[in-house]
Amino acid sequence: MGTGANFPYYPGNLAVTAIDFSRGILGQAQRRAAQLGFPVELVEMDVQSLAFPDSFFDTVVATCVFCTVPDPRRGLGEIRRVLKRGGRLLMAEHVLSKRSGLRFLCAFLTP
Ligand SMILES: C[S@@+](CC[C@H](N)C(=O)[O-])C[C@H]1O[C@@H](n2cnc3c(N)ncnc32)[C@H](O)[C@@H]1O
């Protein structure tokens, strides 16, 4: 969940569980949730090793996360495991372009 920048965009009638593996970030998200009155369960957890049962969630949302996950395949495998059959995975992530010119530009701008 990072600092909880997405919290204002969730509809009110959902049970939301949010994870991050950084304790410092969790504190910031807690403050934001309190300010917004957003009822979210915040958990310190690594997406590569989720402590949720199989087929637990209707939907998983990840925004700007997988660029920093050390083993993204493992993280995605865990998400697949905890998603219900027919559940939805919503992602907004940035990746390296397949076009070499753009790839070079990205690497140049973000060494
Ligand atoms: C760029 S921030 C994006 C935060 C939020 N999703 C958003 O869109 O505002 C990336 C977040 O992913 C978290 N993160 C990175 N690797 C993680 C992992 N393996 N498990 C859980 N959280 C992770 C970082 O601690 C950081 O808060």
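Residue positions are given per chain, counted from 1 along the sequence in the order it is written. Since the coordinates come from a predicted model, pLDDT governs what is reported: local features require at least 70, and pairs of side-chain atoms require 80 or more to be given and counted, while whole-chain, interface and lining totals use all residues. Heavy atoms from the whole structure form the basis of all side-chain values; hydrogens and water molecules are not counted.

Colleague: Hey, could you run me through the site of the ligand in this one?
Modeller: By nearness alone, 17 residues border the ligand, and Asp20, Asp46, Val47, Thr63 and Thr68 come closest of all. Side-chain polar atom of Asp46 to a nitrogen atom of the ligand: 2.9 Å apart, as the coordinates give it. Accessible areas in this description were obtained via Shrake-Rupley with a 1.4 Å probe; residue shielding takes into account the shown protein chains only. Here the ligand, which alone exposes 590 Å², has 79% of that area covered by the protein. More than half of the atoms belonging to the ligand lie within 2 Å of the grid points that define the largest pocket. Proximity is defined per residue: any heavy atom of the residue falling within 4 Å of a molecule or strand makes that residue near it. Pairs of N or O atoms are called polar contacts if they sit within 3.5 Å, as long as, within protein, a hydrogen donor faces a hydrogen acceptor (for residues adjacent in sequence, only side-chain-to-side-chain pairs). Two kinds of site are reported from a 1 Å grid over the protein atoms alone, namely cavities, where a 1.4 Å probe fits but cannot get out, and pockets, open sets with protein on both sides within 12 Å along at least five of seven lines, and residues are called lining when an atom falls within 4 Å of a point. A pocket or cavity is taken to hold a molecule when more than half of that molecule's atoms are within 2 Å of the pocket's grid points.

Colleague: In this structure, what is going on with the pairing of strand β2 (residues 40-44)? I would like to understand it.
Modeller: Regular strands place side chains that alternate from one sheet face to the opposite one. Here five bridges tie strand β1 (residues 16-20) to β2, and the two strands are oriented parallel to one another. Considered in β2, the bridge of Ile19 is made with Val43. Whether a crossover is right-handed comes down to one check: with the strands pointing away from the viewer, does the path from the first strand over the helix to the second run clockwise; if it does, it is right-handed. By the criteria applied, helices consist of DSSP H or I runs no shorter than four residues and strands consist of E runs no shorter than two, each listed in order from the N terminus. In this fold, β1 hands off to helix α1 (residues 23-36), which returns the chain to β2; that crossover is right-handed. Strands are labelled as partners when DSSP assigns at least two bridges between them.

Colleague: I would appreciate a short explanation of a nonpolar patch on the surface in the present structure.
Modeller: Residues form patches when they are more than 30% accessible in relative terms and have no salt bridge. Like charges link within 9 Å. Nonpolar side chains (Val, Leu, Ile, Met, Phe, Trp, Tyr) link within 5 Å. The working definition used for a salt bridge is a side-chain nitrogen of Lys or Arg within 4 Å of a carboxyl oxygen of Asp or Glu. Nonpolar side chains collect at one region of the surface, where Leu102, Phe104, Leu105, Phe108 and Leu109 lie side by side and expose about 580 Å² of accessible area between them. Topologically, Leu102 is positioned in helix α3 (residues 100-109).

Colleague: Sorry if this is basic, but what is going on with unusual backbone geometry here?
Modeller: Glycine aside, the phi torsion of most residues is negative, and most peptide linkages are trans. Although it is not a glycine, Ser55 sits at a positive phi angle of roughly 50°. Mapped onto the elements, Ser55 comes out in the loop between β2 and β3 (57-63). The phi torsion at Cys64 lies on the positive side, around 55°, for a residue other than glycine. Along the chain, Cys64 falls in the loop between β3 and α2 (72-82).

Colleague: Whenever I open this one, the pairing of strand β4 (residues 83-92) confuses me. Can you help?
Modeller: In this sheet, β4 lies alongside β3 in parallel orientation, the contact comprising six bridges. When the bridges of β4 are listed, Phe57 appears paired with Leu83. Note on the crossover from β3 through α2 to β4: the handedness is right-handed.

Colleague: It is not clear to me how the packing of aromatic side chains should be interpreted in this structure. Could you clarify?
Modeller: Aromatic rings in a pair are described by how distant their centres are and how their planes are angled relative to each other. Aromatic contacts are taken between Phe, Tyr and Trp rings whose centres are within 6.5 Å, Trp giving its six-membered ring; a plane angle under 30 degrees counts as stacked, one over 60 as edge-to-face, and the others as tilted. For the coordinates displayed, the defined rule picks out six aromatic pairs. Judged by centre distance (5.0 Å) and plane angle (40°), the ring pair of Phe7 and Phe38 falls under tilted. With Phe7 in the segment before β1 and Phe38 in the loop between α1 and β2, this pair connects stretches of sequence that are 31 residues apart. This pair shows no difference in class: Phe7 is buried, exactly as Phe38 is. Where Phe52 meets Phe57, the ring centres are 4.9 Å apart and the plane angle is 85°; that geometry is what we call edge-to-face. For every residue, the accessible area obtained with a 1.4 Å probe (protein chains only) is divided by the maximum for its type, and the residue is called buried under 20%, exposed over 50%, and partly exposed between those limits. Using a relative accessible area of 14% as the deciding quantity, one classes Phe52 as buried. Residue classification places Phe57 among the buried residues on the basis of a relative accessible area of 16%.

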